[in-house]
Amino acid sequence: MQSRGVVRSSAGLCAVRSCVLLLFIHMSAPVEARKVRGGRAQTRRVQQQQQQQQQQQTPAYRERVEGAAESFPLDFTAVEGNMDNFMVQIKNLAQSLYPCSAQKLDQDMKLHFLNNVSVTCNDGSPAGYYIKESKGSKRWLLFLEGGWYCFNKQTCDSRYETMRRLMSSTKWPPTRTGTGILSPQPEENPHWWNANMVFIPYCSSDVWSGATPKTDHSDYAFMGSRIIKEVVNELLTKGLDNAKVLLLAGSSAGGTGVLLNVDLVAEQLESQGHRGVQVRGLADSGWFLDNKQYKFTDCLDTISCAPTEAIKKGIRYWGGLVPESCRQAHVGEEWNCFFGYKVYPTLKSPVFVVQWLFDEAQLTVDNIHLTGQPVHESQWRYIQSLGQELRSTLRDVPAMFAPACLSHELITRTYWMDIQVKGTSLPRALHCWDRSLQDNNNTITSVNGSHGNHNHQKHKTPPIRGCPLHLIDSCPWPHCNPTCPTIRDQLTGQEMSVIQFLKHMGFDVQKMAQQQGMDPRKLLGMLNNGN
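Residues numbered from 1 in each chain as written. Predicted model: local features only at pLDDT ≥ 70, side-chain atom pairs only at ≥ 80, totals over all residues. Heavy atoms only, no water.

Next up on the list: the packing of helix α5 (residues 224-235) against helix α6 (residues 253-271). Between α5 and α6, whose axes approach to 11 Å, the crossing angle comes to 35 degrees. Considering how the two elements wind past one another, α5 and α6 form a crossing that is right-handed. Between α5, through Ser 225, Ile 228, Lys 229, Val 232 and Asn 233, and α6, the contact on the second element is made entirely by Asn 261, Leu 264, Val 265, Gln 268 and Leu 269. Residue composition of the contact of α5 with α6, grouped by class: five nonpolar, four polar and one charged. (Axes fitted to C-alpha atoms, helices over the stretch in contact; angles between N-to-C directions. Helix = DSSP H or I, 4+ residues; strand = E, 2+ residues; numbered from the N terminus. Left-handed = near helix turned anticlockwise from the far one by under 90°. Contact = heavy atoms within 4.5 Å. Nonpolar A, V, L, I, M, F, W, Y, C, P; charged D, E, K, R; others polar.)

So this is what it looks like as structure tokens:
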């Protein structure tokens, strides 16, 4: 009898806690929410922001970008400016409910191998994906992993010896923890935390373009494009068929893979009758240039080979596929479609581009190696011109985020909320993009109902007032943006200040001050202050 009383008392307490949590969530998502200007909330400013928000309220964001309730109608971006305090309260309540549940909330993504065993990694082992389902959500995020490529037997044999996990699934772990835009934590991922998360490991070494199986006459399979297609087919049985938004995202080679496959995924869903799914792309650090190398070298390995030569060799070796519209624009020279500024104008699906203006991978393939020794003046000029060239290729991209930093990959970094361009963070810019596409989707109807025409118009979606989409730094040198990631000396591992880094890069304060028309002491002071 005593144990029953304890159980009944515990159950009653859990019920009370559940009611309190539900009431709190309901009251936290009113019709009028607080609008924020973007950027991550700092704990020390929480009280000040609360007072400001009480004094001035503006019309709310929609509760969900899709306009329909999911697991519960709470948009964390709407409270981004007060996120720390808000999340402390949510977590305290949620943690108090854990003992009431028989199962603890599992937030890791779990490995699933493809049912179609003919679609494999390079070595013939089964391809697969990691998934964390969110039953109430109609939004799906599919992420393509990056990791360079190989383009002939010699480079692929070397890759298999040194980076086997990128060519085989034999040692994949059973679970993965999402970070950045794949994080299930709303304070790290305010807009996509509750989506269905899918991480597709890169094991095809073909920039996600191949459709060639392994045979008795070939050493490796190259099936990157087929892997994506099979993953989408399997996800249709797990709820993707009822989705409203599918965001195909990727970093580095995965970012280029987004550009190569986003239209193919859209066409795949449309051909199977799933026209209600809005397919979008998010390409991170995959916007490479086919520019002239700083120092020409023979095409002997992946790192030193010029991108154009590597892709020309690779596309033949992989049996690579490119979007049909781009193929028609570059008949006989389909390798052009692996370069963002050439393939992007041919795409029908809306794509958001994230690209560091001074991308480390781009500098590596251009044979600029920042390995402890100060760079020469000619290298410094090359680095600056690279930033200018990249900036010019992004000029006509309406939805983009391009900080003037020396780095590579961003959207899965834990610090992805901290980087800002012109006062706007990347999560904020992506939310603005979502809103603009949703508003546009509500007002534009396709002439013939086709997926292609419908999405092509979305490229030209005007930005919402106070919600910028085209964000690119205008300052001319690496790390001139004070929110850039921490720089570390590649030899010692020690953190470097901005001025230490620029001096290491061969930065001439006197000459740069003269070019900018300011006193050298003022410029030095600005750099020391991180401006």
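Having seen it, we continue.
This brings us to the sheet that holds strand β7 (residues 278-284). Across the sheet, 10 strands lie side by side as β4-β1-β2-β5-β3-β6-β7-β8-β10-β14; this open sheet has mixed pairing. Looking at strand neighbours, the two that pair on one side only are β4 (175-176) and β14 (470-472), the edges of this open sheet. Looking at chain direction, strand β1 (residues 109-113) and strand β2 (residues 128-132) are connected through four bridges and run antiparallel. Each bridged residue has a counterpart across the sheet, and for Leu 111 the counterpart in β2 is Tyr 130. Those strands touched by α6 are β3 (139-144), β6 (245-251), β7 and β8 (351-354), and its axis lies near 155 degrees from that of β6. (Pairing = 2+ DSSP bridges.)

Listed as buried for helix α4 (residues 153-162) are Thr 155, Cys 156, Arg 159 and Tyr 160. Looking down the long axis of α4, one finds its buried residues gathered within 140 degrees of arc, a one-sided arrangement. Those residues of α4 that are exposed and angled more than 90 degrees off the buried face are Gln 154, Glu 161 and Thr 162. Turning to α4, the residues buried within the fold contact α7 (307-318). (Buried < 20%, exposed > 50% of the residue type's maximum accessible area, 1.4 Å probe, protein only. Arc of directions from axis to C-beta.)

All chains considered together, the criterion is met by seven disulfides. What pairs with Cys 150 in a disulfide is Cys 156, and their sulfur atoms sit 2.1 Å apart. Torsion about the S-S bond of the Cys 150 and Cys 156 cystine: about 90 degrees, corresponding to right-handed handedness. Assigned by exposure class, Cys 150 and Cys 156 land together as buried. Here Cys 326 pairs with Cys 337 through a disulfide, and the sulfurs are 2.1 Å apart. Of note, the bridge from Cys 326 to Cys 337 carries an S-S torsion of about -105 degrees and is left-handed in sense. Remark: Cys 337 occurs in the loop between α8 (324-329) and α9 (340-343) and Cys 326 occurs in helix α8; sequence separation between them is 11 residues. A residue is classified by how much of its surface remains accessible, and Cys 326, at 0% relative accessible area, is buried. (Disulfide = S-S within 2.5 Å.)

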